[in-house]
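Reading the structure
If you want the building blocks of each chain, they are given just below.
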Amino acid sequence: MVRNHPVDVISVCSAGGEIRPLRMRMEDEEHRLLRVDIDEIVSSKSVQYVGIEAQIFLCKATVEGKEWLFELKYTIRSHSWCFFRRVY
């Protein structure tokens with residue numbers, strides 16, 4: 001999987017302003033669209049890269065019968081989501 005690959009994400013915001021991803025859609029290596037329902041948010045952390053604020057989510061999901069552990073990055077200023085990396 002390509003690192004920092006833009007993805008479509010459906011998320012929910014709490015009354016306190018916390019954001020949580022629920023589902024993402026991404027293109028795999030064979031250019032098929034994958035719909036990934038996020039089973040669990042293992043952890044989340046706020047980070048800053050050269051003044052750019054972002055939130056990193058460590059997520060668990062089942063994709064085509066296999067369990068994935070991966071990171072999603074939400075960039076606050078641009079309101080964009082990226083598949084940051086898959087954790088093996």
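Above this text is the structure in question.
Described below are features of the structure shown in this document. Computed from a predicted structure; not experimentally measured.

Definitions and cut-offs
Residues numbered from 1 in each chain as written. Predicted model: local features only at pLDDT ≥ 70, side-chain atom pairs only at ≥ 80, totals over all residues. Heavy atoms only, no water. Helix = DSSP H or I, 4+ residues; strand = E, 2+ residues; numbered from the N terminus. Rg over C-alpha atoms; globule rule 2.2 N^0.38 Å. Buried < 20%, exposed > 50% of the residue type's maximum accessible area, 1.4 Å probe, protein only. Contact = heavy atoms within 4.5 Å. Areas by Shrake-Rupley, 256 points an atom, 1.4 Å probe, with all protein chains shown as cover. Salt bridge = Lys/Arg side-chain N within 4 Å of Asp/Glu carboxyl O. Pairing = 2+ DSSP bridges.

Across its full length, the chain holds 0 helices and 7 strands. In the chain, the order of α-helices and β-strands from amino to carboxyl end is β-β-β-β-β-β-β. Its C-alpha atoms give the chain a radius of gyration of 13 Å, within 12% of the compact-globule value 12 Å for 88 residues. Based on the C-alpha atoms only, the size of the chain along its principal axes is roughly 35 × 25 × 20 Å. Counting only residues that meet the buried cut, the chain has 33% of its 88 residues in that class. In the chain, once contacts between residues fewer than 6 apart in sequence are set aside, the share between residues at least 24 apart is 29%. Within the structure as shown, the chain displays about 6,000 Å² of accessible surface, and the carbon and sulfur contribution to it stands at 49%.

Attention now moves to the pattern of salt bridges. Applying the stated criterion to the full structure yields 8 salt bridges. Across the pair R32 and E30 runs a salt bridge, and its minimum N-O distance is 3.3 Å. Across the pair E64 and R32 runs a salt bridge, and its minimum N-O distance is 3.3 Å. One end of the pair, E64, is in the loop between β5 (52–63) and β6 (66–75); the other, R32, is in the loop between β3 (19–27) and β4 (33–49), with 32 residues separating them in the sequence. A relative accessible area of 57% places E64 in the exposed class. For R32, a relative accessible area of 39% gives the class partly exposed. Through salt bridges with shared partners, a single ionic network connects D28, E30, R32 and E64.

What follows covers the pairing of strand β2 (residues 8–13). As defined by bridge partners, β2 adjoins β3 across 6 bridges and the pair is classed as antiparallel. In the strand pairing of β3, I10 is matched with R23. Joining the antiparallel neighbours β2 and β3 is a turn of 5 residues, in which G17 adopts a positive phi near 95 degrees.

Moving on to the sheet that holds β3. Read across the sheet, 7 strands follow the order β1-β7-β6-β5-β4-β3-β2 without closing on themselves; strand pairing throughout is antiparallel. Each having just a single partner strand, β1 (5–6) and β2 make up the two edges of the open sheet. Taken together, the 7 bridges between β6 and strand β7 (residues 80–87) define a ladder with antiparallel strand orientation. Counted as the bridge partner of K73 is C82 from β7.

Keep in mind these values describe shape, not function.
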